[in-house]
Amino acid sequence: MAPKGSQRISKSILSWYGTHQRDLPWRTTRDPYHIWVSEIMLQQTQVETVIPYYHRFLKQFQTVNALARAPLDKVLKAWENMGYYARARNLHAAAQAVVKRFGGKIPDSWDALRSLPGVGDYTAGAILSMAFGLPLPAVDANVRRIVARLFAIEEPLDERLTARHVARLAAELVPRQGAGEFNQGLMDLGATLCTPKNPTCRACPLEPSCRARARRLEDTLPVAKKRGPIPHHHVTAGIMHDQAGRMLIAQRPNHGLLGGLWKFPGGKQTGKESLKSCLRRETLEELGIRIRVGASITSVNHAYTHFRITLHAFHGRLLTGTPQARGCRDWRWTEKGEFQEFAFSKADRKIIQALE
């Protein structure tokens, strides 16, 4: 695309965005902390879901210093049910790094931002363009799709060379003035008109420049690699009481998919072991206790991005041993009424609902 064509595209987007931009709370500020929080939340989560979390999170952690001082458990609780909890852990760790290394001021340079946990190319570009006005791209899934159609790119976007090519093309489109508005305009265009299926090309400001539209490829681009079947795992959870009627819960290690969240003891079934054998083995490995597994309570189905699970909950009774944090971060006996104080996954919350 010639520079003149790039300018035409950027002007079209800015003009369209000025009229059609979505009314979103993080667009009323240039505060880099607020923009950073919103961009982390918007990764893998729909806008409608993010909005109430965004308001509650900033009410609870009003500044980067407040977030850095907060215990991780409190941050995870504020994030509960939004999923992808590594985002919350990284945001917390990055806030602490900002306080320690940059005196509590979010840096306005690419290298400094990229050095923070959880800040990739997209997030750095979004913060620097929207908060600081730097002419940098913010290439998310919407932007990749728009660029693939604009330039009729027929290679799968998840291939490394293609991804780099798309990023370079996106960078060429960013205007020197109004980069933040331009990036947000592309995001809105991808969310409302240049959608994954059935794009509304006739209303699109980029239709005259779109090579995919000219070649009637808008419904087949972008190309994605064929993916294999989604794995399905069976997972167990034990509901055990002490003499006072309290229930045993364990905290997951800080790493991994649900790191730092609380759960009922148990884990993934392996090989040909039965569900009850799995629960006995997992509680021994996790807490160093031997249990008797009783009747089934409920089974919960839940889907993650790359796999699905069925979580099977059973009554259990402690036979020998005292709980110890062997394969978990922490554990405790908890009253049912105290569950709201802890961050649980959606699947574990469904078990709690069944218990109630």
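For the structure itself, consult the block above.
Residues numbered from 1 in each chain as written. Predicted model: local features only at pLDDT ≥ 70, side-chain atom pairs only at ≥ 80, totals over all residues. Heavy atoms only, no water.

## Things to note about the sheet that holds strand β1 (residues 232–240)
To summarise the sheet geometry, strands pair through backbone hydrogen bonds and adopt either a parallel or an antiparallel arrangement. Selection rule: Think of it this way: DSSP has to see at least two bridges between two strands before they count as a pair. To qualify as a helix, a DSSP run of H or I must reach at least 4 residues; to qualify as a strand, a run of E must reach at least 2; elements of each kind are numbered from the N terminus. Only the contacting stretch of a helix is used when fitting its axis, a line to C-alpha atoms as for every element, and angles between N-to-C directions run 0 to 180 degrees. Working rule for contacts: check all heavy atoms of both residues, and any pair within 4.5 Å makes them a contact.
Read across the sheet, 3 strands follow the order β1-β5-β4 without closing on themselves; strand pairing throughout is mixed. Strands at the two margins of the open sheet, each flanked by one partner only, are β1 and β4 (290–303). The average undirected angle you get between the axes of adjacent strands in this sheet is 25 degrees. Both β4 and strand β5 (residues 308–320) contribute to a ladder of 11 bridges, which runs antiparallel. From the neighbouring strand, asparagine 301 faces β5, where its bridge partner is threonine 310. With respect to the sheet, helix α13 (residues 275–287) is in contact with β1, β4 and β5, its orientation differing from that of β4 by roughly 105 degrees. Along the sheet face, helix α14 (residues 346–355) touches β1, β4 and β5 and points at about 115 degrees away from the line of β4.

## Topic: unusual backbone geometry
Proline 222 follows leucine 221 through a cis peptide bond whose omega is 0 degrees. Here proline 222 shows up in the loop between α12 (211–214) and β1. Positive phi, normally seen in glycine, also occurs at tyrosine 84, with a value near 50 degrees. Its place among the elements puts tyrosine 84 in the loop between α5 (72–79) and α6 (86–102). For arginine 216, which is not a glycine, the phi torsion comes out positive at approximately 60 degrees. Within the secondary structure, arginine 216 sits in the loop between α12 and β1.

## Comments concerning the nonpolar core
As a rule of thumb, nonpolar side chains are buried together in soluble globular proteins. Defined as follows: Nonpolar core, defined: a set of buried Ala, Val, Leu, Ile, Met, Phe, Trp, Tyr and Cys residues in which side-chain atoms within 4.5 Å join the residues together. Type-normalised accessible area, obtained with a 1.4 Å probe on protein chains alone, sets the label of each residue: buried when under 20%, exposed when over 50%, and partly exposed for intermediate values.
Judged by nonpolar contacts, the single largest core of 66 residues is most densely connected at Tyr33, Trp36, Met41, Phe57 and Trp79. Those residues within four positions of tyrosine 33 in sequence are excluded, and the remaining contacts are Phe57, Leu58, Phe61, Gln62, Thr63, Val64, Leu67 and Ile106. Among the nonpolar cores identified, the runner-up in size contains 31 residues, and Ile9, Leu150, Leu169 and Cys194 belong to it.

## Remarks on the sheet that holds strand β2 (residues 247–251)
Taking strand neighbours across the sheet as the criterion, the 3 strands line up as β3-β2-β6 in an open arrangement whose pairing is antiparallel. Bordering the open sheet on either side are β3 (262–263) and β6 (330–334), each of which pairs with just one other strand. As paired strands, β2 and β6 are joined by 5 bridges and run antiparallel to one another. Within β6, the position partnered with glutamine 251 by the bridge is aspartate 330.

## Quick word on the side chain of threonine 123
Looking at the secondary structure, you find threonine 123 in helix α8 (residues 121–130). Residues in contact with threonine 123, not counting those within four places in the same chain, are Trp36, Ile40, Gln43 and Gly118.

## Details of the environment of tryptophan 110
With respect to the helices and strands, the residue tryptophan 110 is situated in helix α7 (residues 110–114). C-alpha of tryptophan 110 to C-alpha of glycine 327: the two residues are 217 residues apart in sequence and 38 Å apart in space. When neighbours within four sequence positions are excluded, tryptophan 110 is seen to be in contact with Asp121, Ala124, Gly125, Leu128 and Leu136.

## Looking at the packing of helix α9 (residues 141–150) against helix α11 (residues 179–192)
Here is the rule: When describing relative orientation, an angle under 35 degrees is termed roughly parallel and one over 145 degrees roughly antiparallel, while 65 to 115 degrees is termed roughly perpendicular and anything else oblique. Residue classes follow a fixed rule: Ala, Val, Leu, Ile, Met, Phe, Trp, Tyr, Cys and Pro count as nonpolar, while Asp, Glu, Lys and Arg count as charged, and any other residue, Gly among them, counts as polar.
Here α9 crosses α11 at 80 degrees, and the two axes come no closer than 8 Å. By the angle class used here, α9 and α11 are roughly perpendicular. Counted together, Asn142, Val143, Arg145 and Ile146 of α9 and Leu186, Met187, Leu189, Gly190 and Ala191 of α11 form the full contact between these two elements. Across the contact of α9 with α11, the residue classes break down as 6 nonpolar, 2 polar and 1 charged.

## Here we look at empty space enclosed by the protein
Note the following rule: A 1.4 Å probe that fits into a set of points on a 1 Å grid over the protein atoms alone but cannot get out defines a cavity; an open set with protein on both sides within 12 Å along at least five of seven lines defines a pocket, and lining residues are those with an atom within 4 Å of a point. Grid points are joined across faces, edges and corners, and a volume is the space filled by probe spheres set on the points.
Applying the stated criterion to the full structure yields 1 cavity of 30 Å³ or more. Of the voids in this model, the largest cavity is the one considered here, and its volume is about 130 Å³. Around the largest cavity sit 15 residues that line it, and Arg149, Cys194, Cys201, Cys204 and Cys210 are the ones nearest its centre. Of all the elements, α9 adds the most residues to the lining of the largest cavity, at 3 residues. For the lining of the largest cavity, the per-class residue count stands at 10 nonpolar, 1 polar and 4 charged.

## Re the pattern of salt bridges
Put simply, the rule is: One speaks of a salt bridge when a side-chain nitrogen belonging to Lys or Arg is within 4 Å of a carboxyl oxygen belonging to Asp or Glu.
Summed over all chains, the structure comprises 16 salt bridges. Among the ionic pairs, aspartate 73 bridges to arginine 329, the shortest N-O distance being 3.5 Å. Taken together, the residues aspartate 73 in helix α5 and arginine 329 in the loop between β5 and β6 connect sequence positions 256 residues apart. Note on arginine 329: relative accessible area 38%, which makes it partly exposed. Residue glutamate 207 is joined to arginine 213 by a salt bridge in which the shortest nitrogen-to-oxygen separation is 3.0 Å. Among the residues examined, arginine 213 registers a relative accessible area of 17% and is labelled buried.

## Re the packing of aromatic side chains
As a reminder, the rule being used: Between the rings of Phe, Tyr and Trp (Trp by its six-membered ring), a pair exists once the centres lie within 6.5 Å; its type follows the angle of the planes, with under 30 degrees stacked, over 60 edge-to-face, and the other angles tilted. Two thresholds decide whether a charge sits over a ring: the Lys NZ or Arg CZ must be within 6 Å of the ring centre and within 35 degrees of the ring normal.
Applying the stated criterion across every chain yields a total of 8 aromatic pairs. Connected via pairs of aromatic rings, a cluster forms that spans Phe57, Phe61 and Trp79. Here arginine 56 stacks its cationic end above the ring of tyrosine 53, 4.8 Å away from the centre of that ring.

## Observations regarding the packing of helix α2 (residues 32–42) against helix α3 (residues 47–60)
Where we set the bar: A clockwise turn of the near helix away from the far one marks a right-handed crossing, whereas an anticlockwise turn of less than a right angle marks a left-handed crossing.
The geometry of α2 relative to α3 is characterised by a closest axis approach of 10 Å and an angle of 140 degrees between their N-to-C directions. As the angle between them shows, α2 and α3 are arranged oblique. As for how α2 packs across α3, the hand of that crossing is right-handed. Each of Tyr33, His34, Val37, Ser38, Met41 and Leu42 in α2 lies in contact with α3, whose residues at this interface are Val47, Val50, Tyr53, Tyr54, Phe57 and Leu58. A breakdown of the residues in the contact of α2 with α3 according to their chemical character gives 10 nonpolar, 2 polar and no charged.

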